[in-house]
Amino acid sequence: SSLSLDISSKPLQRREVVKASTPVAMRSRPSTAQPHRTTDLPRGRRLELRILSNWGDPCFVGLAGLEVLDENFEVLKSPSHTSLRGLRSSPPGSPARLEGGTEEIQEDTIGDLDQLAAPPQVSTDPSTMWAVSTQRVAATLRILVDLGQSTTVGALKVWNYNAGLEGTYVGVRRLAVTLDGRRLSPPEGFLIRKAPGNDSFDFGQFVDFSPGSTSVNTPVHKQQGRRFDDVSFNKENDHQSVLSEADWDDESMLMESLSGVSVARVAPNNVCLVPQQYETPLFPCGCIFKLCLLSTHGDGHYVGLSGLELADAEGRVIPIDAECVHAEPRDLNVLPENESRKDARTLDKLIDGKNQGEEKHSWLAPFTETNAIFVCFDAAVAISRLTLWNYAKTPARGVRELDVFVDDVLVYRGVLKRAPEASQGQTVLFTNAQPVVDSERHRIYNDVEESCLFIDEGSVVVESSDQRPRTAV
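Cut-off values and rules
For every chain, the first residue of the written sequence is number 1, and numbering continues from 1 along that sequence. Only residues with pLDDT of at least 70 are given local features in this predicted model, and only at 80 or more are side-chain atom pairs given and counted; all residues enter the totals for whole chains, interfaces and linings. Neither water nor hydrogens contribute to the side-chain values; these are computed over all heavy atoms in the structure. Strands are runs of DSSP state E lasting at least 2 residues, helices are runs of H or I lasting at least 4, and numbering of each runs from the N terminus. Buried means the residue's accessible area, taken with a 1.4 Å probe over protein chains only, is under 20% of the maximum for its type, while exposed means over 50%, and partly exposed covers the values in between. Contacts are assigned to residue pairs that have any heavy atoms within 4.5 Å of one another. Calculation of accessible area relied on Shrake-Rupley with a 1.4 Å probe; when residues are assessed, cover is drawn exclusively from the protein chains displayed. Working definition of a nonpolar core: buried Ala, Val, Leu, Ile, Met, Phe, Trp, Tyr and Cys residues. They are joined through side-chain atoms within 4.5 Å. Centres within 6.5 Å are what make two rings of Phe, Tyr or Trp a pair, Trp counting through its six-membered ring; a difference in plane orientation under 30 degrees is then read as stacked, over 60 as edge-to-face, and the rest as tilted. Any Lys NZ or Arg CZ found within 6 Å of a ring centre and within 35 degrees of that ring's normal is scored as a charge over the ring. For two strands to be treated as a pair, DSSP must find no fewer than two bridges joining them. Confidence scores labelled pLDDT are given residue by residue by the predictor and lie between 0 and 100. Pairing of N or O atoms within 3.5 Å defines a polar contact, subject to two protein rules: one partner must be a possible hydrogen donor and the other a possible acceptor, and residues neighboring in sequence count only if both atoms are side-chain atoms.

1. Let's talk about the overall build of the chain
Next up, step 1: In terms of helices and strands, the chain carries four helices and 24 strands.
Next up, step 2: When burial is assessed residue by residue, the chain has 56% of its 473 residues classed as buried.
Next up, step 3: Here the analysis covers contacts within the chain between residues at least 6 apart in sequence; of these, 80% occur between residues at least 24 apart.
Next up, step 4: Here the chain displays about 21100 Å² of accessible surface, and carbon together with sulfur accounts for 48% of that area.

So, in structure tokens, the structure goes:
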């Protein structure tokens, strides 16, 4: 089969986040990995990576970085040779145009495979990445890695194409992996998560080959929309799908039916029937959950939360490791005045389980109007609810308007109640399962209370001054 597209995940809204001011810390291993892995790992010499689909760009497919790791998640030291198969010679006519950075690139191939293993992999600069025009794809696009000798292969670390938010659609979506002909991936390939579009954290994804790992055992989700192998890049055949444009919408991509989940989930249009501020889809499934914090309850300089919790399709709380949570800006310690005196209200406090509003168990960051929180998983996760506890020490600094995205698809837009009214937390439901609905009903906020805005010469008047006040625990 030839390389194919899935364009059903175009976001409904995108918001830029500011760049990181300090070098990002690189993750050395998955948070769920066993400390010592010496048995049942594949061993071989020739690794083949078959690119089955991208995230929707019609002209290019590419990656920002790729590492082959051993049983201890160390980069393999043995010499290797990387080559590419499945391309035809450059097609006649003008080359495709790839938008990235400050100018458009008009070439058939951007970069080369060898630079995928060279830093920086965390970047938004397309000159540090690799991409190839889909016009040159003649058959299944394959990256071949010759490790030089028989070697134990424990995992891959993949950084998807990340040249800004628009450029993330160039990234690989489905990747099938074999080692000396032995299949290591599910039949439909590994799901490679979409890059975030910024370089404020290490967005590299671990694809773990250990038996029992989430990478290998992620359930196959049957989408209501088009399967990823239904559309060919072969423009010469002018292939047309029998599905209508209505089948390509964002909601279709999120309506996943999970095998092995016992709770009832039958509902018209696959939406949550509980009245909420936003009509939410059932069980949105993805790798990156992004919360865009659009406004506060009056403070113009700081924004914060006291807790965050996700529950899986069965209603069980999902354990979240501190390395899986990122924010831009990260916390108050990015401010110059906090270089010598670290503030305790750091990002890890969001997931420490202590959500009663205590100062030292809350998160606070400078408010930039583009604040975003990212929760990243190495394998796709389906959720039934999201619960948030608003910032309580200074209620005006709590989040008011909020957008929630799953792999860049909008799944919720609403308002959080001001503390202390929301001291019990506020839940957004993505399920109709009665046990979950009954247990969370007291946390659902439906009616947006009326508010009064003061306008002075066309500008909204906030309660704070132009100079950012100092804050401390």
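2. Quick notes on the nonpolar core
Next up, step 1: Counting 33 residues, the largest nonpolar core has Leu308, Leu310, Trp363, Ile373 and Leu402 as the members making the most contacts within it.
Next up, step 2: For this core, the secondary-structure elements that each account for two or more residues are strand E15 (285-293), strand E16 (302-312), strand E17 (325-328), strand E18 (363-366), strand E19 (371-390), strand E20 (401-406) and strand E21 (409-415).
Next up, step 3: Top element by residues in this core is E19. It accounts for seven residues.
Next up, step 4: Setting aside residues no more than four positions away along its own chain, Ile373 makes contact with Phe289, Lys290, Leu291, Leu293, Leu305, Val325, His326, Ala327, Leu350 and Trp363.
Next up, step 5: Counting 28 residues, the second largest nonpolar core, distinct from the first, contains Trp130, Val145, Val158 and Leu175.

3. Some remarks on the packing of aromatic side chains
Next up, step 1: Counting across every chain of the model gives five aromatic pairs.
Next up, step 2: Measuring from centroid to centroid gives 5.8 Å for Phe73 and Phe206, while their planes differ by 85°, and the two rings are edge-to-face. Here Phe206 lies in strand E14 (residues 205-208) and Phe73 lies in the loop between strand E3 (60-69) and strand E4 (81-87), a separation of 133 residues in the sequence. The two residues Phe73 and Phe206 agree in class, both being buried.
Next up, step 3: Centre to centre, the rings of Phe201 and Phe374 are 5.2 Å apart; their planes meet at 45°, and the pair counts as tilted. Of this pair, Phe201 sits in the loop between strand E13 (190-191) and E14 while Phe374 sits in strand E19, and the two are 173 residues apart along the sequence.
Next up, step 4: For Phe201, a relative accessible area of 4% translates into the label buried.
Next up, step 5: When its relative accessible area of 2% is taken as the criterion, Phe374 is described as buried.
Next up, step 6: The residue whose ring lies beneath Lys290 is Phe405, and the NZ or CZ to ring-centre distance is 5.3 Å.
Next up, step 7: Seen from the ring of Tyr445, Lys417 lies directly overhead, with NZ or CZ sitting 5.3 Å from the centre.

4. Quick word on the sheet that holds E14
Next up, step 1: The strand order across the open sheet built from five strands is E7-E8-E3-E10-E14, with neighbouring strands paired in antiparallel fashion. Here the strands that pair on one side only, and so sit at the sheet edges, are strand E7 (109-110) and E14.
Next up, step 2: Looking at chain direction, E3 and strand E8 (residues 130-133) are connected through four bridges and run antiparallel. In the strand pairing of E8, Val61 is matched with Val132.

5. Re the confidence of the model for the chain
Next up, step 1: Of all residues in the chain, 68% attain a pLDDT of 70 or more, and the chain-wide mean is 77.
Next up, step 2: Considering only residues more than four positions removed or in separate chains, one finds that residues 91-106, a stretch of pLDDT under 50, has 32 contacts.
Next up, step 3: Within the model, the stretch residues 216-266 combines pLDDT values under 50 with 108 contacts to residues more than four positions away or in other chains.

6. Side note on the environment of Phe203
Next up, step 1: The residue Phe203 is located in the loop between E13 and E14 in this model.
Next up, step 2: Along the primary structure Phe203 and Trp159 are separated by 44 residues, whereas in three dimensions their C-alpha atoms are 6.4 Å apart.

7. Some remarks on the environment of Asp40
Next up, step 1: Mapping Asp40 onto the fold places it in the loop between strand E1 (4-5) and strand E2 (43-54).
Next up, step 2: With relative accessibility at 59%, the residue Asp40 sits in the exposed group.
Next up, step 3: Linking Asp40 and Phe209, residues 169 residues apart in sequence, is a C-alpha distance of 9.2 Å.

8. Section: the side chain of Asn160
Next up, step 1: Within the secondary structure layout, Asn160 lies in strand E10 (residues 155-160).
Next up, step 2: Within the structure, the side chain of Asn160 is placed 2.7 Å from the backbone oxygen of Val172, a separation counted as a polar contact.
Next up, step 3: Those residues in contact with Asn160 that lie beyond four places of it in its chain are Trp55, Gly62, Leu63, Ala64, Gly171, Val172, Ile192, Arg193, Lys194, Ala195 and Phe203.

9. Things to note about the environment of Lys342
Next up, step 1: As for its placement among the helices and strands, Lys342 is situated in the loop between E17 and E18.
Next up, step 2: Exposure remark for Lys342: the relative accessible area of 57% places this residue in the exposed category.
Next up, step 3: A C-alpha to C-alpha distance of 8.2 Å links Lys342 and Leu332, two positions ten residues apart in sequence.

10. Points about the pairing of E15
Next up, step 1: When you tally the buried positions in E15, you get nine out of nine residues, the bulk of the element.
Next up, step 2: Taken together, the five bridges between E15 and E20 define a ladder with antiparallel strand orientation. Looking at the pairing, Cys292 lines up with Asp403 of E20.

11. Points about the pairing of E20
Next up, step 1: In terms of residue burial, E20 counts as a mostly covered element, since five of its six residues are buried.
Next up, step 2: As judged from the six bridges shared by E20 and E21, these two strands associate in the antiparallel manner. Bridge pairing in E21 links Glu401 to Val415.

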